[in-house]
Amino acid sequence: MTVPTGRRERKKAATRQKIADTALRLFLERGYDAVGIREVAAEADVAVTTLFSHFASKEALVFEQDEDFEQRLTQAVTDRAPHEPLIPALRREVQALVRHCTADSTAPVWRLIDESPALQKYEESMRLRLAETLATAIAADPELSQTTTASRAIARFVIDAYSLAREAAEPEAALDEIFRMVEAAWEATSPSRRT
């Protein structure tokens, strides 16, 4: 997560983290469906309106690092060094996320998600949104000169690479295999190949 600089920003970030931590603890203890928003707010000692000022929905409480990942993916495109290839920059971000999401400490969270249709649906919509955000960043980069369709396809491949690698028995090997295909697809859409 990006480190807030001012006192107010730090306080907001601390409140947001406290709410997320409280919600996750309650969900893991009692089950996602058994815990209501009011209970989370009361346990975190915040008003329900404060909770909703930090999280748009109950599902978002489980995916509290979603915005950070979205920002990091976009920055992998926009902040890479001049002439740095795109796919290795994206691979680094996806690899960091996969490592985070496959750590032993995250297993209970993924079980929680797997047991909840609402969380599965939210995760799917989150992946589609992340892919669209990434596609927009790729298409906007004049150095990349990709069509909208190519940008959207590569973005979907990258986001799906995260999901597939996270679920694989050997995530690093899966990521290597998947990104070889992503690289090949990227090369196939290069402007020099289209002419």
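Here, every reference points to the structure presented above.
Throughout what follows, the structure given in this document is the object of discussion.

Basis of the calculations
Residues numbered from 1 in each chain as written. Predicted model: local features only at pLDDT ≥ 70, side-chain atom pairs only at ≥ 80, totals over all residues. Heavy atoms only, no water. Salt bridge = Lys/Arg side-chain N within 4 Å of Asp/Glu carboxyl O. Helix = DSSP H or I, 4+ residues; strand = E, 2+ residues; numbered from the N terminus. Buried < 20%, exposed > 50% of the residue type's maximum accessible area, 1.4 Å probe, protein only. Contact = heavy atoms within 4.5 Å. Expected span 1.5 Å × (residues − 1). Arc of directions from axis to C-beta. 1 Å grid on protein atoms, 1.4 Å probe; cavity = no way out; pocket = protein on both sides within 12 Å on 5 of 7 lines; lining within 4 Å. Points joined across faces, edges and corners; volume = space filled by probe spheres on them. Nonpolar A, V, L, I, M, F, W, Y, C, P; charged D, E, K, R; others polar. Axes fitted to C-alpha atoms, helices over the stretch in contact; angles between N-to-C directions. Parallel < 35°, antiparallel > 145°, perpendicular 65-115°, else oblique. Core = buried A, V, L, I, M, F, W, Y, C linked by side-chain atoms within 4.5 Å.

### Observations regarding the pattern of salt bridges
Here is step 1 of the chain: If you walk through the whole model with that rule in mind, you get 16 salt bridges.
Here is step 2 of the chain: One salt bridge connects Glu 93 with Arg 72, and the closest N-O pair in it is separated by 2.7 Å. Separated by 21 residues along the polypeptide, Glu 93 in helix α5 (residues 86-101) and Arg 72 in helix α4 (residues 66-78) bring together distant segments of the chain.
Here is step 3 of the chain: Arg 72 sits in the partly exposed class, given a relative accessible area of 30%.
Here is step 4 of the chain: Here Arg 152 ties to Glu 132 by a salt bridge, and the two come within 2.8 Å at their closest N and O atoms. With Arg 152 in helix α8 (residues 148-167) and Glu 132 in helix α7 (residues 117-140), this residue pair connects regions lying 20 residues apart in the sequence.
Here is step 5 of the chain: Within this structure, Glu 123, Glu 124, Arg 127, Arg 166 and Glu 167 form a network of salt bridges that share partners.

### Brief notes about the environment of Gln 71
Here is step 1 of the chain: With respect to the secondary-structure elements, Gln 71 resides in helix α4.
Here is step 2 of the chain: A relative accessible area of 34% means that Gln 71 is categorised as partly exposed.
Here is step 3 of the chain: Sequence separation between Gln 71 and Ala 107 is 36 residues; the distance between their C-alpha atoms is 24 Å.

### A look at the side chain of Ser 57
Here is step 1 of the chain: Among the secondary structure elements, Ser 57 is positioned in the loop between α3 (48-54) and α4.
Here is step 2 of the chain: Contacts of Ser 57, omitting those with residues within four sequence positions, involve Phe 52 and Tyr 122.

### Describing helix α9 (residues 171-188)
One turn of an α-helix holds 3.6 residues; hence residues three or four places apart share an orientation.
Here is step 1 of the chain: If you check α9, its first and last C-alpha atoms are 25 Å apart, about what 18 residues at 1.5 Å a residue would give, namely 26 Å.
Here is step 2 of the chain: Taken as a whole, α9 has its buried residues at Pro 171, Ala 174, Leu 175, Ile 178, Phe 179, Val 182 and Trp 186. Projected onto a plane normal to the axis of α9, the buried residues spread over an arc of 120 degrees and lie on a single side. Within α9, the exposed residues directed more than 90 degrees away from the buried face are Arg 180 and Met 181.
Here is step 3 of the chain: Residues of α9 that are buried sit in contact with α5, α7 and α8.

### Focus on the layout of surface pockets
Here is step 1 of the chain: Computed from the structure, the largest pocket encloses a volume of approximately 510 Å³.
Here is step 2 of the chain: Around the largest pocket sit 24 residues that line it, and Val 62, Phe 63, Gln 65, His 100 and Val 109 are the ones nearest its centre.
Here is step 3 of the chain: Listing elements by their share of the lining of the largest pocket, those giving two or more residues are α1 (7-30), α4, α5, α6 (107-114) and α7.
Here is step 4 of the chain: Counting residues per element, the lining of the largest pocket draws most heavily on α1, at five residues.
Here is step 5 of the chain: Tallied by class, the residues present in the lining of the largest pocket amount to 16 nonpolar, five polar and three charged.

### Quick look at the packing of α8 against α9
Here is step 1 of the chain: Two elements in contact, α8 and α9, have axes whose closest approach is 9 Å; the angle formed by their N-to-C orientations is 170 degrees. Regarding the angle of α8 to α9, the classification is roughly antiparallel. Every residue of α9 that contacts α8 at Ile 154, Phe 157, Val 158, Ala 161, Leu 164 and Ala 165 is listed here: Pro 171, Ala 174, Leu 175, Ile 178, Phe 179, Val 182, Ala 185 and Trp 186.
Here is step 2 of the chain: Classifying every residue of the contact of α8 with α9 by side-chain character gives 14 nonpolar, no polar and no charged.

### What to know about the nonpolar core
Here is step 1 of the chain: Counting residues in each nonpolar core, the largest one holds 55 residues, and the members touching the most others are Phe 27, Val 40, Val 62, Leu 90 and Ile 138.
Here is step 2 of the chain: It is α7 that provides the largest number of residues to this core, a total of eight residues.

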